[in-house]
Amino acid sequence: MTEAYKKQVKEFLLDWQKRLCNDFAKIDGKGFIEDTWEHKTGGGGISKVLVDGNVFERAGVNFSHVMGNNLPKTATLSRPQLEGASFEAMGVSLVIHPKNPFAPTSHANLRFFIATTKQNETVWWFGGGFDLTPYYGFLEDCVHWHTQAKLACDPFGTDIHHRFKTWCDDYFYLKHRKEQRGIGGLFFDDLNEWGFENCFNFIKAVAERYISGYFPIIEKRRDEPYTAKHRDFQCYRRGRYVEFNLLYDRGTIFGIQTGGRTESILMSLPPEVRWRYNWTPEPGTKEFELTDYYLKPRDWIVLTDKKKKLLEFVK
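All residue numbers refer to positions counted from 1 along the written sequence of the respective chain. In keeping with the predicted nature of the model, local features appear solely for residues at pLDDT of at least 70, side-chain atom pairs appear and are counted solely at 80 or more, and the whole-chain, interface and lining totals rest on all residues. Heavy atoms throughout the structure, all of them, feed into the side-chain values; hydrogens and water do not.

Brief notes about the overall build of the protein
Then step 1. Secondary structure is summarised from DSSP: a helix means a run of H or I of at least four residues, a strand means a run of E of at least two, and numbering begins at the N terminus for each. Helices and strands together make up the secondary structure of the protein, namely 8 helices and 9 strands.
Then step 2. Its C-alpha atoms give the protein principal-axis dimensions of about 60 × 45 × 40 Å.
Then step 3. Taken across its 315 residues, the protein has 55% of its residues classed as buried.
Then step 4. Note on contacts: a residue pair qualifies if any of its non-hydrogen atoms lie within 4.5 Å across the two residues. Taking the intrachain contacts of the protein between residues at least 6 apart in sequence as the baseline, contacts between residues at least 24 apart amount to 69%.
Then step 5. On the protein, roughly 14,600 Å² of surface is accessible, and the fraction owed to carbon and sulfur atoms is 50%.
Then step 6. None of His or the chain ends enter the tally, which takes Lys and Arg as positive and Asp and Glu as negative. By convention, the point assigned to a charge is CZ for Arg, NZ for Lys, CD for Glu and CG for Asp. In the protein, 44 positive and 41 negative side-chain charges are present, and the distance between their average locations comes to 1 Å. Any residue under 20% of the maximum accessible area for its type is buried, any over 50% is exposed, and the rest in between are partly exposed; the area is computed with a 1.4 Å probe on protein chains only. The method behind every accessible area is Shrake-Rupley, applied with a 1.4 Å probe, and residues are considered shielded solely by the protein chains displayed.

In structure tokens:
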């Protein structure tokens, strides 16, 4: 792994962070605050957060590039032989929590790892993906989101979308609730099988399709009229987001295990959340429809004709 490859990835990630923050600020009308920080074992990062905006209640876009001498288990699940290796990790992670209950929360993450064993063997890989967490379901939003995910994958193999979509459905699952966190998207890890250039091109494609997937949905839903009831349900469902991030999210756990900056790690949590004891929505309501229909792994799109038109929704 040459320094030139690392430089390419770092420049791309910093540029993506800058583009995202500029675009989100244009939508919101309010800018991001920026913090730079240093990691205790080497490297550091740039955290950019928009707080209490006009459209976004909280939007966080973090860049980090850290080094360490002891790669934790969370980063070596499929490569246990690398546990304890020295490492270099860089990435951008973002979580966007809109104010409007009809606008979904989104998450995206792109990361690049380099590990060096005690035998001086170097192993590198990419990971990341994006996923969508609606509080009220809209079929057209689900189709659009998954269409963009598929378009990111199609140039890299006919099986890639199915593979990474399924991985995402399996990963963003709250085992203690027996419930999906959202409608999924893409998730992948340990990606190096295509060689550096193709893997890097895939990362760039995912970055672009996150933008083309999420921004039209935000523009469509940002001004939907809503009531206090809708807002209360949004805050209740946000509790599931918090539960997943604190119990299962590998990025959160990796950051804590490696002594990362707590404020940056936990910026993914929404500012206002509510829990209820043993509550379920009434059947037949839009709130009930979310978990009864939308939060189920599905093939949301069928692209069958030569013009790639949507012919039917698979239920």
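Concerning empty space enclosed by the protein
Then step 1. The method works on a 1 Å grid over the protein atoms by themselves. A cavity is a set of points holding a 1.4 Å probe that cannot get out, a pocket is an open set with protein on both sides within 12 Å along at least five of seven lines, and residues with an atom within 4 Å of a point line them. Grid points are joined across faces, edges and corners, and a volume is the space filled by probe spheres set on the points. For the coordinates displayed, the defined rule picks out 4 cavities of 30 Å³ or more.
Then step 2. Of the pockets and cavities examined, the largest cavity occupies roughly 770 Å³.
Then step 3. For the largest cavity, the lining is made up of 40 residues, of which Ser93, Asn109, Gly251, Thr252 and Phe254 are closest to its centre.
Then step 4. Elements with a contribution of two residues or more to the lining of the largest cavity: strand S3 (56-68), strand S4 (86-98), strand S5 (105-116), strand S9 (184-191), helix H6 (250-257) and helix H7 (262-265).
Then step 5. Residue contributions to the lining of the largest cavity peak at 6 residues, all from S4.
Then step 6. Amino acid classes used here: Ala, Val, Leu, Ile, Met, Phe, Trp, Tyr, Cys and Pro are nonpolar; Asp, Glu, Lys and Arg are charged; the rest, including Gly, are polar. Its residues assigned to classes, the lining of the largest cavity comprises 17 nonpolar, 17 polar and 6 charged.
Then step 7. Of the volumes computed, that of the second largest cavity is approximately 50 Å³.
Then step 8. If you trace the second largest cavity, you find it lined by Phe102, Pro104, Leu132, Pro134, Tyr136, Gly137, Phe138, Asp141 and Cys142.
Then step 9. Looking at the lining of the second largest cavity, its residues break down into 7 nonpolar, 1 polar and 1 charged.

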